[in-house]
Structure formats: structure tokens, C-alpha cells
Amino acid sequence: MSTFDSFKSLSRAMFLGFRRDKGALFFTVLFPLMFLVIFGGIFGKQTTSKVNVIAVGPVPVLEQALAHDSGGGLGKTLKLTRKTDRSAALKKVEKGDADAAVEQRGNQLTVHYSAADQVKAGTARGLLDSIVQSANQAASGKAPTYNMASQAVEDDSLKAIQFFTPSLLGWALASAGVFGASQTLVTWRTKGILRRLRLSPAPISTVFGARVAVSIGVALVQLALFLAVAQLPFFGLKLQNAWWMAVPMVVSGVLAFLSIGMVIGAWAKTQETAQAVTQLVVLPMAFLGGSFFPLDAAPGWLKAISYIFPLRYLNEGMLNVMGRGLGPTSALPQIGVLLGVAVVGAVVATRLFRWDDA
Amino acid sequence: MAYTIGVDGLRKRYGDVQAVDGVSFEVDEGEFFGILGPNGAGKTTTLEIIEGLREADEGEVSVLGLPPWPRNARLLPRIGVQLQASSFFERLTAREQLQTFGSLYGVPAKKADAMLETVGLDDKADVPVEKLSGGQAQRLSIACALVHDPELVFLDEPTAALDPQARRNLWDVLREINTEGRTIVLTTHYMDEAEILCDRVAIMDRGRILRLGPPATLVRGLDAPARISVATGTLPVEDARGLPGADEVSDDGVSLIISTRDPSAVVAAMAAKDALTGVQIHGATLEDVFLELTGREYRA
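Residues numbered from 1 in each chain as written. Chains lettered and ligands numbered in written order. Predicted model: local features only at pLDDT ≥ 70, side-chain atom pairs only at ≥ 80, totals over all residues. Heavy atoms only, no water.

- An unreviewed UniProt entry lists chain B under the name ABC transporter ATP-binding protein, from Actinomadura yumaensis.
- Annotation of chain B in UniProt includes, under Sequence similarities (unreviewed entry), the sentence "Belongs to the ABC transporter superfamily."
- Per UniProt, chain B has the following entry under Subcellular location (unreviewed entry): "Cell membrane". (UniProt positions renumbered as here; feature names shortened; annotations may be inferred.)

- Chain A is annotated in an unreviewed UniProt entry as ABC transporter permease from Actinomadura yumaensis.

**So, helix H4 (residues 134–146) of chain B**
- Taking 1.5 Å of rise per residue, the 13 residues of H4(B) would be expected to cover 18 Å, and the 19 Å separating its terminal C-alpha atoms lies within 8% of that figure.
- Within H4(B), 12 of the 13 residues are buried, leaving the element largely enclosed by the surrounding structure.
- Those residues of H4(B) not exposed but buried are Gly135(B), Gln136(B), Ala137(B), Gln138(B), Arg139(B), Leu140(B), Ser141(B), Ile142(B), Ala143(B), Cys144(B), Ala145(B) and Leu146(B).
- Tucked into the core, H4(B) has its buried residues touching helix H8 (193–198) of chain A together with strand E5 (79–82), helix H2 (94–104), helix H3 (111–118), strand E6 (152–156) and helix H5 (164–179) of chain B. (Helix = DSSP H or I, 4+ residues; strand = E, 2+ residues; numbered from the N terminus. Expected span 1.5 Å × (residues − 1). Buried < 20%, exposed > 50% of the residue type's maximum accessible area, 1.4 Å probe, protein only. Contact = heavy atoms within 4.5 Å.)

**Considering the side chain of Arg167(B)**
Residue and element names in this part refer to chain B.
- Summarising the element assignment, Arg 167 is placed in helix H5.
- Of the residues examined, Arg 167 reaches a relative accessible area of 11% and is grouped as buried.
- The residues contacting Arg 167, other than those within four sequence positions of it, are Thr 159, Leu 162, Tyr 190, Asp 192 and Glu 193.

**A short note on the sheet that holds strand E12 (residues 255–260) of chain B**
Residue and element names in this part refer to chain B.
- Ordered in space as E11-E12-E10-E13, the four strands form an open sheet in which the pairing is antiparallel. Every interior strand has two partners, whereas the edge strands, strand E11 (246–251) and strand E13 (280–282), have only one. Neighbour-to-neighbour, the strand axes of the sheet open up by a mean angle of 20 degrees, direction not taken into account.
- The pairing of E11 with E12 spans five bridges and is antiparallel. Residue pairing for E12: Val 249 is matched across the bridge by Ile 258.
- In this fold helix H9 (residues 263–272) packs onto strand E10 (226–231), E11, E12 and E13, with an angle of close to 20 degrees to the strand it touches most, E10. (Pairing = 2+ DSSP bridges. Axes fitted to C-alpha atoms, helices over the stretch in contact; angles between N-to-C directions.)

**A short note on the pattern of salt bridges**
Residues and elements named next belong to chain B.
- Going through the model one piece at a time under the given rule, you end up with 27 salt bridges over all chains.
- Linking Arg 11 and Asp 21 is a salt bridge whose minimum nitrogen-to-oxygen distance equals 2.7 Å. With a gap of 10 residues between them, Arg 11 in strand E1 (residues 5–14) and Asp 21 in strand E2 (residues 17–27) connect regions that are remote in the sequence.
- Arg 11 gets classed as partly exposed once you look at its relative accessible area, which sits at 31%.
- The partner of Arg 95 in a salt bridge is Asp 126, and the shortest N-O contact between them spans 2.7 Å. Highlighted residues: Arg 95 in helix H2 and Asp 126 in the loop between H3 and H4, separated in sequence by 31 residues.
- Since its relative accessible area comes to 25%, Arg 95 is described here as partly exposed. (Salt bridge = Lys/Arg side-chain N within 4 Å of Asp/Glu carboxyl O.)

**Section: a positive patch on the surface**
Residue and element names in this part refer to chain A.
- On the surface, Lys 50, Lys 79, Lys 91, Lys 92 and Lys 95 cluster together into a positively charged patch.
- The dominant element in the positive patch, judged by the number of residues it contributes, is helix H5 (residues 86–95), at three residues.
- Its place among the elements puts Lys 92 in helix H5.
- The partly exposed category is assigned to Lys 92, whose relative accessible area is 34%. (Patch = residues over 30% accessible without salt bridge, like charges linked within 9 Å, V, L, I, M, F, W, Y side chains within 5 Å. Areas by Shrake-Rupley, 256 points an atom, 1.4 Å probe, with all protein chains shown as cover. Lys, Arg positive; Asp, Glu negative; His and termini not counted. Charge placed at Lys NZ, Arg CZ, Asp CG, Glu CD.)

**Some thoughts on the pairing of strand E1 (residues 51–56) of chain A**
Residue and element names in this part refer to chain A.
- The buried count for E1 comes to six of six residues, which makes it a mostly enclosed element.
- Both faces of E1 are covered, namely the face carrying Val 51, Val 53 and Ala 55 and the face carrying Asn 52, Ile 54 and Val 56.
- Pairing analysis gives six bridges linking E1 to strand E2 (residues 78–83), with the strands arranged parallel. Looking at the pairing, Val 53 lines up with Leu 80 of E2.
- As paired strands, E1 and strand E3 (residues 100–105) are joined by four bridges and run parallel to one another. Each bridged residue has a counterpart across the sheet, and for Ile 54 the counterpart in E3 is Ala 101.

Here is the structure:
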């Protein structure tokens, strides 16, 4: 047997220990996924609703317009319900269930609206007005003097799911990494496992290497699960070309957060202290590092603060390659920062490291 | 012949406390050696220096002919250490635990089942360590110390916090390990344990070795009285005092206890009076040795 066999066997032991820990499984895997489902569900479906118009009795102008609506432009903005009971229709408008009620007597079109929602009422009036105008223009038999051609531009605003998938994943990785490392180190020390390991001929680097390998493995599973869920039609994540750069991002993020956790674990005397300090580090980092809300619109000072946190770089890098569709090299500076954090953390943790409590 | 362990003039200080204060002894190959003493006597520190977990302030240590400090990767595969705490990886079964520790020494995974059998845990192979009883966990930790077949085994208070039955079971396991030819060094604060298991015992108190030798020799070296007890009422106290050879007589309402340096004369006289109902005779124990050496009652 070689060092590599020890490494494999230790990795297996640690992985089994993780898999059987229902609490850890919940908090590292399920809990962030729940956030993704909730955030993706709430913010993902934010589209402006159609203008809701009730036609009272026959309204030929409207019917004609809808019949000639070849591009479907009108159907996308207008939802038409037909009613014969005029007072019931007006009641609906009063209560806000419909945006406008429209009736036609001869050539006269009357629009009833409520002043409560100015924007909706304005939209309904404008829409109906344009229908009347084009009917007038058609009736005149002359070709229109002015024409309008419309063209959609590339949508530059980030869809909610494109933002939440990388940033909530970043938060999940940060808490799993910092928690995992600090708890492992404190538990191993207080339970005497470190001393036991020290008395075995296996190099201590093998032992820690196995722990790191397990963390990276778990993180890649988290990545796969996030991508699988976010790409469901309901959420609609569209992976950009360079999304595979998320893999090296995730690995360097895990190294950075394990390293921070090691510092906490090497310093803290008890599990309780380690847990409390971990929370103190992870929660503010998740909020201010832009895991729960985009920092694009945040004030300058908040943006400046956010760059203190390693999570900010992980979020930004993953957002660039997964959500924004920038090139693979766009994540390199962030990977560099994360690896730097990992090295500095490892050096500090080694300085603080103790084999036992005494 | 070189000793398995040689310790000479060992000293270790923690702040104001001189934990080990000039300890010297040798352990022979195949010996069952005990370090006995109350909590805080310096047993564990002495053991940790020999294992290579701590550096001595002063003194020489040689284990299997090698210095244990600094961490000596050539020595480590030849020694097995069972630590005071049950140091297990979390949420692994007994078998997985052994396989994992075995892998640190390059031991094939199938060795685990043989070890479980040695310590009588074969029916607990698939039980998570968290679900093992105190005695079972202790036996598993001994199995973990033995999984790589070491020549020299260190056991730090292996029966602490175990019930009497579990202690007895563990003693059987330890004797068997010793019979296989391994040298065992054990610390304990149980007098009876040292007396029953060890070939030689070092009695430690306040960082020093007070006496060292086979338990029987240590006890015999004492001029300690034997205690004969019978049920209260078997013999009036005055009559007991009048027995030939009786030094001291007390009655606590349950037992009448006669201290004597000539137990055969006392027992013979009691037999003549037909007063031997429920008789028990206790010889001197290591507890008496400790009392004699330190002037204080032994408290574990």
C-alpha cells in the first residue's frame, strides 16, 4: 500500500462521515437549493401583466383590430373578455379586477377606467386609442404617411435566475467550506484524532489532502445540482458559453474557504466558538458579498466594502462566465484572488495549528 | 540485551507544575508494565513523552532502540497507542474505523475483521461508533491501536469509566495481547488492575516513581496486616480482641474486622470457637503499599 491508498481510504472515510451526517447534508446541499427554488420562483416570473379589458356587448373596432393582428403584438399586450352585462363590467373595473371596460355605440367608443391605477389605465387608454386611430386611418383609404418599424435589442438586464444561480451557489460553497474546515479541525483536535493521526506514519499532508479532496468533491456535486435545478424549464437558466470555467472557480473558491475555516478551526478552542465565529464570517460575507442581492445598483461604498470578502470574487467570477456570458478569461483575476486567499489562510492556519488542547 | 524502553532522568514542567520529576526505568521485551498512580501523578505525561507526543525538558528516552522525539516515522509503525479519549472518526462503523486506521499504516482492509474478533466485537462490525457502549468503544480503540501488529503497545487508562464486568472482559483481551508476545505499557489508577495484569508496576506520585517491582514483591515488602472479617455477632468484640495474634479489632455493625500479622493463628483460634461464618481474608494490596509510601490514603 502506498500513500495514495491511504489517501483514498481516508477520503472514503471522510466522505462516508459526511454522507451520514443528515444535518450537514441538509445545510450544505438542500438548504441552498431551497433558496434557489424560492428566489428563482419569486423573482424569476416578474413579467408585466397584460392589459385587462372588458368589451361590453359587440365592439366591432376591437374585433377587427384583433382579426388583423397578424404579428400577435396586440395579443401579447391585451387580454380581452367579453361581457353583455354593462353594470357588472363597470363593477369589475371599479374593483380593479379589470383595467378598462369598453363599449361601442355606432362610431362612438367609450372607455371606462378607474383612476386608482394611473399607469394601467393610461396603458389601456393608449392602447385603445391606437386601435381607433389605425381604424380611422384604414377607413380613410389613404396610405399612411408615417410608418414605424420596431426591433428588439439584445436584453442586457440580467434575468433573476442568471444572477441567483451563481451567487447562491457561491454562498453555499462558502458556508460549506468554512464550516466544514473549522468543525473538522476543532473536532479532530478535541477528540484526540489529531494526536492519533500524528502517531501514525502517514504524512499529515495526506490526511489534510483527503479532507480537501472530499470538500472539492462535495462542492462539484453542489455545482451539478444547482445547474440541474436552475436549468429546469420552470427556472430557465441559460448557461453561457464559458460556463465550464465555473469548475476551476468552484475549486479555487473551495480552497479559499477551507483555508479560512482552517484559520478559525486552528484558533478556536471549542466547537461552539468555532461555530459562532464561522457564522460571524459567513453571514455578513454572504450579504455584503452579493449572494442575496445584486450589487450592480448598490452605492459605491457598499461595492467597495464588498471587495473585502473573498465570496465577492467567487460570485463575480461565476456570474461573469455562467450568467453574463463573458469569455473564459474573464474569471481569471477572481481565480487568482481566491487562490491567494487560500495560500495566505493556509500559512496563518499552519502558524496557529496545535496538535492537542493542552 | 537492549531494553524495549529505556527512560533515564526524565523531567517535564508545565508552567509552575513539575509534572515529571526525574523518572527512570526500563521495560523488557514481552513485559506487561504498569504505571500506577492517582490523577495528576504524571503518568500520562511520562507516557506521552515515551510515545513521542511531547518533548522532555530533560532526560533520555529510547524506544525499540530509537529516539521517539522528534516524530520518528521509522518508529511509529512499530508502536501502537491507545489514547485516553475515544478518538474515532465520526459516523463510521466499527469495521470502517479499523479499516481507516489500518490504511494509515498500509494494512489491507480485510485485517479489520480479524481485529474485531480479537477484541470480541465481531458482532458489532456494522454498528456506528456512536452507538457502541463504553466498554465496546474502549475495546475498539484498543483494536485500532493493534491493527498494524505493533511490537509495543501503550494503553492509557484503558478501563477508566467502565463497569466491573466490562473491565474484566477488557482484562482478558489485554492478557491475550500480551501472551502473543507484545510488550505492553499501561497506565492506570486502579490498584487491582495493576496487581492483576502487570508483571511489574511503577508506583508514581507527584512526578516521581516511588517504588518499582512486581506487585507481589511490593506487597510482600510491606509489613502490612491481613484483615479477617466475619459477620457482626459471630464473635463478641471482646472475645475477638482476646484472640492470639489479633492486633486491632473493629466492628461497623455489619462486619467484625480483625487486623493481624499472623492470620493463620487467628483463623485457627476462630475455628476452635466455631466463629467462621462468612469469613473473608484480605491480604495487603497495592493500596496499602501506596498508603505506606505516601502516608496518604489512596484515592483514585
